[in-house]
Amino acid sequence: MPRDQHMTTYLPVAFVGAGPGDPDLLTVKALCALQEADVVIHDRLVSAEILTLVGPQTRLRNAGKEGFGPSVTQADINAMIVEEALTGARVVRLKSGDPTVFGRLDEELDAITEAGLDFTIVPGLTSASAAVAALGQSLTKRGRNTAVRLITGHDMQGYADHDWRALARDGEVAAIYMAKKAARFIQGRLLMHGATPSTPVTIVENASRPEQRIVSATLAILPAILAESGITGPALLMYGLEPRDAVTNALPHVQEMI
Ligand SMILES: C[S@@+](CC[C@H](N)C(=O)[O-])C[C@H]1O[C@@H](n2cnc3c(N)ncnc32)[C@H](O)[C@@H]1O
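Each value, and the rule that gives it
Residues numbered from 1 in each chain as written. Predicted model: local features only at pLDDT ≥ 70, side-chain atom pairs only at ≥ 80, totals over all residues. Buried ≥ 20, exposed ≤ 12 C-beta atoms within 10 Å, placed from the backbone. Helix = DSSP H or I, 4+ residues; strand = E, 2+ residues; numbered from the N terminus. Pairing = 2+ DSSP bridges. Near = placed C-beta within 6 Å. Nonpolar A, V, L, I, M, F, W, Y, C, P; charged D, E, K, R; others polar. pLDDT = per-residue confidence, 0-100. Contact = placed C-beta atoms within 7 Å. Core = buried A, V, L, I, M, F, W, Y, C linked by C-beta atoms within 7 Å. Domains from an automatic or database assignment. Axes fitted to C-alpha atoms, helices over the stretch in contact; angles between N-to-C directions. Parallel < 35°, antiparallel > 145°, perpendicular 65-115°, else oblique. Left-handed = near helix turned anticlockwise from the far one by under 90°. Arc of directions from axis to C-beta.

1. Brief notes about the pairing of strand S12 (residues 235-239)
Point 1. Within S12, five of the five residues are buried, which leaves the element mostly enclosed by the surrounding structure.
Point 2. By the alternation rule, side chains of S12 split into Ala235, Leu237 and Tyr239 and Leu236 and Met238, which are all buried.
Point 3. Bridge count for strand S9 (residues 174-177) against S12 is three bridges, and the pairing is antiparallel. Note that in S12 the partner of Ile176 across the bridge is Leu237.
Point 4. Bridge count between strand S10 (residues 200-205) and S12: five bridges; the pairing is antiparallel. Its bridge partner being in S12, Val204 is matched across the sheet by Leu236.

Here's what the structure looks like:
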């Protein structure tokens, strides 16, 4: 396929998924976009190894935001992208995981389109895919769950509400993003709606990165385990899933805390 048909990154702005952290999990298209960009505006969670892959001419700009904290406001990030693109620079807006998953993509797309600019989206591997792979499990399984939820622990209003009754049913699976601070709330809501206290919840910190850690817990003891395990990196709660025995036995960093 001719290159200009294959690559859509020549549009002024490419929203590119950096994946969960391991550079080998970047898509080829994401790598090309990084190498061709004039400027890469990246989030805090994009790994340092991935940032070394940009082209020699590429400028890096950090748009990092810390959890609830407003280090750079969303409005500032929108303005930064538009301002760079209006100079004619090829802009890559690099987001961790997949840009369409809890990535505030729509606000940025609105800003781009209001400025009359074109964009493209280059999907990435969301961290839930890396986390479940680390557990040696699958997100869906015949006879267990025919649906899987990607949910967030908090939204702009605070702790996020969900269909707790549906989630509390046996066999349900959810990947819960941004859930460390919300763990007690999530536990309380699920137990209140009838979830079994022994439901496995596995914490996967730094999925796909060298410092990856897997901590096994159950719903009953989730907040205590989170507090004890000193998780400081980005983490997912894999609700309804436990590490396959082979993973637990093979890897020293799987902590059994049940
Ligand atoms: C703002 S969301 C971005 C999600 C991202 N767009 C994705 O698709 O993975 C940030 C949250 O993603 C999760 N996360 C991102 N990278 C992770 C990783 N390598 N390991 C575990 N969780 C990760 C954490 O729950 C973190 O708080």
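2. Here's the deal with the site of the ligand
Point 1. Gly97, Thr126, Ser127, Ala207 and Pro234 are the nearest of the 23 residues found near the ligand.
Point 2. At the level of secondary structure, the elements contributing two or more residues to the shell around the ligand comprise helix H6 (127-135) and S12.
Point 3. Partitioned by chemical class, the residues of the shell around the ligand number 12 nonpolar, eight polar and three charged.

3. A short note on the confidence of the model for the protein
Interpretation of this model should avoid reading the predicted coordinates in detail wherever pLDDT is low.
Point 1. Mean pLDDT for the protein: 91, with 90% of residues reaching 70 or above.
Point 2. Note on residues 1-8: pLDDT under 50 across the span, and four contacts to partners over four residues away in sequence or across chains.

4. Re the nonpolar core
Within soluble globular proteins, side chains that are nonpolar tend to cluster in buried spots.
Point 1. Counting residues in hydrophobic clusters, the biggest one holds 65 residues, and the most contacted among them are Val16, Val92, Ala131, Ile176, Val204, Leu236 and Met238.
Point 2. In terms of residue count, the dominant contributor to this core is H6 (six residues).
Point 3. Two domains each donate at least three residues to this core, and these are domain 1 (3-122) and domain 2 (127-256).
Point 4. Sequence-distant contacts of Ile176, defined by excluding residues within four places in its chain, comprise Ile151, Gly153, Ile186, Leu236, Leu237 and Tyr239.

5. Description of the environment of Tyr239
Point 1. The topology assignment puts Tyr239 in strand S12.
Point 2. For Tyr239, a count of 24 C-beta atoms within 10 Å corresponds to the buried category.
Point 3. When the C-alpha atoms of Tyr239 and Ile203 are compared, they prove to be 8.6 Å apart, with 36 residues separating the residues in sequence.
Point 4. Not counting chain neighbours up to four residues away, the residues in contact with Tyr239 comprise Val173, Ala174, Ile176 and Val201.

6. Section: the packing of helix H8 (residues 183-192) against helix H9 (residues 222-229)
If you want to describe how two helices pack, look at the angle between their axes and the distance between the axes.
Point 1. In the contact formed by H8 and H9, the axes pass within 8 Å of each other and the chain directions differ by 165°. Classified by the angle their axes make, H8 and H9 are roughly antiparallel. Considering the relative orientation of H8 and H9, their crossing is right-handed. Residue-level inspection shows Ala183, Arg184 and Gln187 of H8 in contact with H9, the latter providing Leu222, Pro223 and Leu226.
Point 2. A per-class count over the contact of H8 with H9 returns four nonpolar, one polar and one charged.

7. A closer look at the pairing of S9
Point 1. The two faces of S9 match: Ala174 and Ile176 on one face and Ala175 and Tyr177 on the other face are all buried.
Point 2. Pairing of strand S6 (residues 149-152) with S9, which is carried by four bridges, proceeds in the parallel orientation. In the sheet register, Arg149 faces S9, and the bridge partner there is Ala174.

8. Topic: H9
Point 1. Along H9, the residues classified as buried are Leu222, Ile225 and Leu226. Looking down the long axis of H9, one finds its buried residues gathered within 100° of arc, a one-sided arrangement.
Point 2. Contact partners of the buried residues in H9: H8, S10 and strand S11 (213-218).
Point 3. Where H9 terminates, the next one or two residues include Gly230, which has phi positive at roughly 60°.

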